[in-house]
Amino acid sequence: MGYINRFLLFLYALAVALAALGVIVLCLPVFPVPAILNETAFLLSRWETIAGAALVFLISVHLVACSLTCGSRSGEQKEKKEPEAVVVRGASGEVRVAIPAVSNMAEKSASKVYGVENVDAKVEARRVTGEDGVPSSKVAIGLEVALAAGQNVAQASDAIRAAVSEQMDNVLGLADYSIDISIAEFAGMDAAKKSRVS
């Protein structure tokens, strides 16, 4: 249920509570009956009463519709938004590895490569079913790398891919994965330029 529907439900519950309290007060011998009938007749002749009743009716219909449909939709949206874990098949069954754990492993593996200053990994996984009917994960690893100035991009990217692939093969035992490397910046380039100029 969204924030607007929660606010409407709050107003609706508050109005019902006040109406129930009003009925309780009217049932007690606090006010004389002629005065109550006079005020009731006055309220029933006002257009504000009709508008308020129509508004309460519309909110009631909306909240009933939400109670019948919003629950299932929010559940479906939650399942879609919930990040898929990496499914690893072991001898004893299925193991789920959290996406942040895989991302952390990829960042640490790439950081050990010579010339890599900083790594930001983004991992996406989706569940697939193989030809044998066994579920597994297809993993896409995106690495944004900051290289030290003067490093060869092709050699560094090959070393990074090899280091991450080794962890994916040995630690997770996955075969269906892709590694996309992009060089975000060359760290220390400004310092190197200054030293050349001076």
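Quick caveat: nothing in here was measured; it's all calculated off a predicted structure. (Residues numbered from 1 in each chain as written. Predicted model: local features only at pLDDT ≥ 70, side-chain atom pairs only at ≥ 80, totals over all residues. Heavy atoms only, no water.)

J.: Give me the overall build of the protein: which residues, what numbers.
T.: Secondary structure assignment for the protein yields six helices and five strands. When its helices and strands are written in sequence order, the protein yields α-α-α-β-β-α-β-β-α-β-α. For the protein, with 198 residues in total, the buried portion stands at 25%. Sequence-distant contacts, at least 24 apart, represent 61% of the contacts inside the protein between residues at least 6 apart. When the accessible surface of the protein is totalled, it reaches about 14000 Å², and 61% of it is carbon and sulfur. (Helix = DSSP H or I, 4+ residues; strand = E, 2+ residues; numbered from the N terminus. Buried < 20%, exposed > 50% of the residue type's maximum accessible area, 1.4 Å probe, protein only. Contact = heavy atoms within 4.5 Å. Areas by Shrake-Rupley, 256 points an atom, 1.4 Å probe, with all protein chains shown as cover.)

J.: I'd like a rundown of the pattern of salt bridges, residues and numbers included.
T.: What the rule picks out here adds up to one salt bridge. With a closest N to O distance of 3.2 Å, Arg46 and Glu48 form a salt bridge. Residue Glu48 is classed as partly exposed on the basis of its relative accessible area of 36%. (Salt bridge = Lys/Arg side-chain N within 4 Å of Asp/Glu carboxyl O.)

J.: Give a description of helix α5 (residues 153-172) that names residues and reports values.
T.: Taking 1.5 Å per residue as the helical rise, α5 with its 20 residues ought to reach 28 Å, and the 27 Å between its terminal C-alpha atoms agrees with that figure. Listed as buried for α5 are Ala156, Ser157, Ile160, Ala163, Val164, Ser165, Met168 and Leu172. You can read the cap of α5 off the contacts: a side-chain oxygen lies 3.0 Å from the backbone nitrogen of Ala154, and it is on Asn152. Directly beyond the C-terminal end of α5, a positive phi value near 70° is found at Gly173. (Expected span 1.5 Å × (residues − 1). Polar contact = N/O pair within 3.5 Å; in protein donor to acceptor, adjacent residues only side chain to side chain.)

J.: Could you give me a rundown of the side chain of Ser165, with the residues and numbers involved?
T.: Looking at the secondary structure, you find Ser165 in helix α5. On the accessibility criterion, Ser165 (16% relative accessible area) is buried. For Ser165, the side chain forms a polar contact with the main-chain oxygen of Arg161, separated by 2.7 Å. Ser165 has contacts with Tyr177 and Ile179, leaving out every residue within four places of it along the chain.

J.: Run through the environment of Gln167, naming residues and quoting values.
T.: Position of Gln167 among the secondary structure elements: in helix α5. Residue classification places Gln167 among the partly exposed residues on the basis of a relative accessible area of 27%. C-alpha of Gln167 to C-alpha of Met105: the two residues are 62 residues apart in sequence and 7.6 Å apart in space. For Gln167, the residues in contact, after removing those within four places along its chain, are Met105, Ser109 and Leu172.

J.: With reference to specific residues and values, describe the packing of helix α4 (residues 99-111) against α5.
T.: At a closest axis distance of 8 Å, the pairing of α4 and α5 adopts a crossing angle of 135°. In terms of orientation, α4 lies oblique with respect to α5. Between α4 and α5 lies a crossing whose hand is right-handed. Side by side, α4 and α5 meet where Val102, Met105, Ala106, Ser109 and Ala110 of the first sit next to Ile160, Ala163, Val164, Gln167, Met168, Val171 and Leu172 of the second. (Axes fitted to C-alpha atoms, helices over the stretch in contact; angles between N-to-C directions. Parallel < 35°, antiparallel > 145°, perpendicular 65-115°, else oblique. Left-handed = near helix turned anticlockwise from the far one by under 90°.)

J.: Report on the nonpolar core, specifying residues and quantitative values.
T.: In this structure, Val86, Val139, Ile141, Leu143, Ile160, Val164 and Met168 are the most contacted members of the largest nonpolar core, which totals 29 residues. Secondary-structure elements contributing two or more residues to this core are β1 (86-90), α4, β3 (116-129), β4 (135-148), α5 and β5 (177-187). Per-element tally for this core: the top contributor is α5, with six residues. Every residue in contact with Val164, bar those within four places of it in the chain, is listed here: Ala106, Ser109, Ala110, Ile141, Leu143 and Ile179. (Core = buried A, V, L, I, M, F, W, Y, C linked by side-chain atoms within 4.5 Å.)

J.: Describe the confidence of the model for the protein, and please don't skip the residues or the numbers.
T.: On average, residues of the protein score 79 in pLDDT, and 83% of them are at 70 or above. Mean pLDDT in the protein bottoms out at helix α6 (residues 189-197), which sits at 48, and peaks at α4, which reaches 89. Low pLDDT, under 50, characterises residues 191-198; the predicted model gives this stretch one contact beyond four residues in sequence or across chains. (pLDDT = per-residue confidence, 0-100.)

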